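# Commentary on secondary and tertiary structure
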Amino acid sequence: MVEELVTAGAAAASAGAVYAMAAARVVKQYERGVVFRLGRLRPQVRGPGFTMIVPVVDRLHKVNLQIVTMPVPAQEGITRDNVTVRVDAVVYFKVVDAPAALVNVEDYRFAVSQMAQTSLRSIIGKSDLDDLLSNREKLNQGLELMIDSPAVGWGVQIDRVEIKDVSLPDTMKRSMARQAEADRERRARVINADAELQASKKLAEAAQQMAETPSALQLRLLQTIVAVAAEKNSTLVLPFPVELLRFLERASQPVSTAPQPSSRPVREPEREQRPADTPRGEPDHGGAISGQARIPGPVPPVTPS
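This part takes up a nonpolar patch on the surface. The grouping of Tyr 19, Val 26, Phe 50 and Met 52 at the surface amounts to a nonpolar patch, some 430 Å² of accessible area in total. If you trace the backbone, Tyr 19 turns up in helix α1 (residues 2–23). By relative accessible area, which is 45% here, Tyr 19 ends up partly exposed.

Here it is as structure tokens:
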């Protein structure tokens with residue numbers, strides 16, 4: 001009798017141990033347990049720690065609540081300005097409602113992945129190339145809203161969406177490089193022209209100041225000589241401006257207040273010439289010399305011989 005009791009107790013203990021082992025479950029901290037009893041969803045969600053279920057009758061499904069990082073495969077599309085691009089992104093999401101993630105959708109990971117690819121292609125078609133390259137924050141927010149709208153019914157919350165890379169054709173890359181080079185060259189020319197304008201204004205002011213004080217030009221020349229001589233050069237070539245030479249020439253000439261003689265030559269008075277064959281006259285009573293001039297006769301014609 002005792003042996004039978006001991007055997008029955010051992011059998012019950014063994015059955016209890018087997019039942020406990022079959023019913024015992026451990027839910028981790030980042031997981032939640034959803035129980036289906038005979039196919040029906042139990043309203044109570046099992047929290048982290050040790051929990052018990054009814055063997056054979058209950059089924060416990062564990063749902064991960066951690067943030068999932070899902071890369072979106074690269075999608076090729078045509079932008080609004082007719083440029084072919086290839087864009088890939090990454091989606092960060094997490095499950096906030098474990099029963100809905102199991103009941104409302106077959107595979108929430110696959111659903112989020114397909115929705116992200118579709119939304120990414122739609123964003124590419126609605127955007128310009130400049131927006132894809134420089135205004136990614138706005139596109140990320142729009143892409144997040146497009147994915148998050150249907151994901152709310154799946155018990156999934158989209159935490160963040162980031163466009164990772166934008167691939168362009170080689171011809172477009174070369175065109176953009178030429179455009180950037182031309183823009184930088186334009187800005188360099190504008191800056192150089194502005195510098196020339198400012199320098200010309202300063203030089204004009206300096207020229208006016210030197211015109212009022214001519215000695216300043218000589219001092220500036222001496223400063224230039226000192227600056228050039230500071231370098232260890234064996235040959236010194238120094239051009240002299242013509243204005244400096246004229247200034248030195250004017251400074252070396254004495255200042256005279258007497259009027260300068262006229263540079264035009266003075267013609268001497270013509271002396272009266274008397275013919276050689278004219279006889280001298282005799283003096284008259286008044287002491288004057290009188291004479292008679294000989295009137296030449298007609299010139300005989302010259303006949304050729």
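Further remarks concern the packing of helix α3 (residues 108–126) against helix α5 (residues 136–151). When two helices pack together, their arrangement is captured by the angle between the axes and the distance separating the axes. At their nearest, the axes of α3 and α5 sit 9 Å apart, and the two run at 140° to each other. Put simply, α3 runs oblique to α5. When you trace α3 past α5, the crossing you get is right-handed. In this structure, α3 uses Met 115, Ala 116, Ser 119, Leu 120, Ser 122 and Ile 123 to contact α5, whose residues at the interface are Leu 139, Gly 142, Leu 143, Met 146, Ile 147 and Pro 150. Tallied by class, the residues present in the contact of α3 with α5 amount to 9 nonpolar, 3 polar and no charged.

One finds Val 85, Val 87, Val 91, Phe 93, Val 112, Val 156 and Ile 158 to be the most contacted residues of the largest nonpolar core, which totals 36 residues. Listing elements by their share of this core, those giving two or more residues are β2 (31–37), β6 (68–78), β7 (84–95), α2 (98–103), α3, α4 (129–134), α5 and β8 (156–167). Those residues in contact with Ile 158, other than ones at most four positions away along the chain, are Val 91, Tyr 92, Phe 93, Val 112, Glu 144, Ile 147, Asp 148 and Ala 151.

What follows is about the sheet that holds strand β3 (residues 40–46). With antiparallel pairing, the 3 strands of this open sheet are ordered in space as β3-β2-β5. Where the open sheet ends on each side, the last strands, each with one partner, are β3 and β5 (58–64). Going across the sheet, the axis of each strand differs from the next one's by a mean of 30°, ignoring polarity.

Right, let's talk about unusual backbone geometry for a bit. Of note, Val 56 is a non-glycine position whose phi angle comes to about 70°, a positive value. Checked against the element boundaries, Val 56 lands in the loop between β4 (49–52) and β5. For Val 56, a relative accessible area of 72% corresponds to the exposed category. Here the phi dihedral of Asn 82 falls at roughly 60°; this positive angle occurs in a residue that is not glycine. With respect to the helices and strands, the residue Asn 82 is situated in the loop between β6 and β7.

This part takes up the sheet that holds β6. The strands making up a sheet associate through backbone hydrogen bonding, with each pair oriented either parallel or antiparallel. Spatially, β6-β7-β8 is the arrangement adopted by the 3 strands of the open sheet, whose pairing is antiparallel. Single-partner strands in this sheet number two, and they are β6 and β8. Within this sheet the neighbouring strands show an average axis-to-axis angle of 25°, counted without direction. Of the strand pairs in this sheet, β6 and β7 are connected by 9 bridges, and their pairing is antiparallel. When the bridges of β7 are listed, Glu 76 appears paired with Arg 86. Across the face of the sheet, α3 comes into contact with β6, β7 and β8 while running at roughly 35° to β6.

Let us look at the pattern of salt bridges. Under the defined criterion, the tally for this structure stands at 7 salt bridges. A salt bridge links Arg 186 to Asp 183; the nearest nitrogen and oxygen atoms lie 2.8 Å apart. Highlighted residues: Arg 186 and Asp 183, both in helix α6 (residues 170–212), separated by 3 residues, approximately one helical turn. According to the relative accessible area criterion, Arg 186 is partly exposed, its value standing at 47%. Take Asp 183: its relative accessible area is 31%, and that puts it in the partly exposed class. Here Arg 187 ties to Asp 183 by a salt bridge, and the two come within 3.5 Å at their closest N and O atoms. Separated by 4 residues within a single helix, Arg 187 and Asp 183 lie in helix α6, roughly one turn from each other. Overall, Arg 187 belongs to the partly exposed group, its relative accessible area being 40%.

Reading the values: the criteria
Residues numbered from 1 in each chain as written. Predicted model: local features only at pLDDT ≥ 70, side-chain atom pairs only at ≥ 80, totals over all residues. Heavy atoms only, no water. Patch = residues over 30% accessible without salt bridge, like charges linked within 9 Å, V, L, I, M, F, W, Y side chains within 5 Å. Areas by Shrake-Rupley, 256 points an atom, 1.4 Å probe, with all protein chains shown as cover. Salt bridge = Lys/Arg side-chain N within 4 Å of Asp/Glu carboxyl O. Helix = DSSP H or I, 4+ residues; strand = E, 2+ residues; numbered from the N terminus. Buried < 20%, exposed > 50% of the residue type's maximum accessible area, 1.4 Å probe, protein only. Axes fitted to C-alpha atoms, helices over the stretch in contact; angles between N-to-C directions. Parallel < 35°, antiparallel > 145°, perpendicular 65-115°, else oblique. Left-handed = near helix turned anticlockwise from the far one by under 90°. Contact = heavy atoms within 4.5 Å. Nonpolar A, V, L, I, M, F, W, Y, C, P; charged D, E, K, R; others polar. Core = buried A, V, L, I, M, F, W, Y, C linked by side-chain atoms within 4.5 Å. Pairing = 2+ DSSP bridges.

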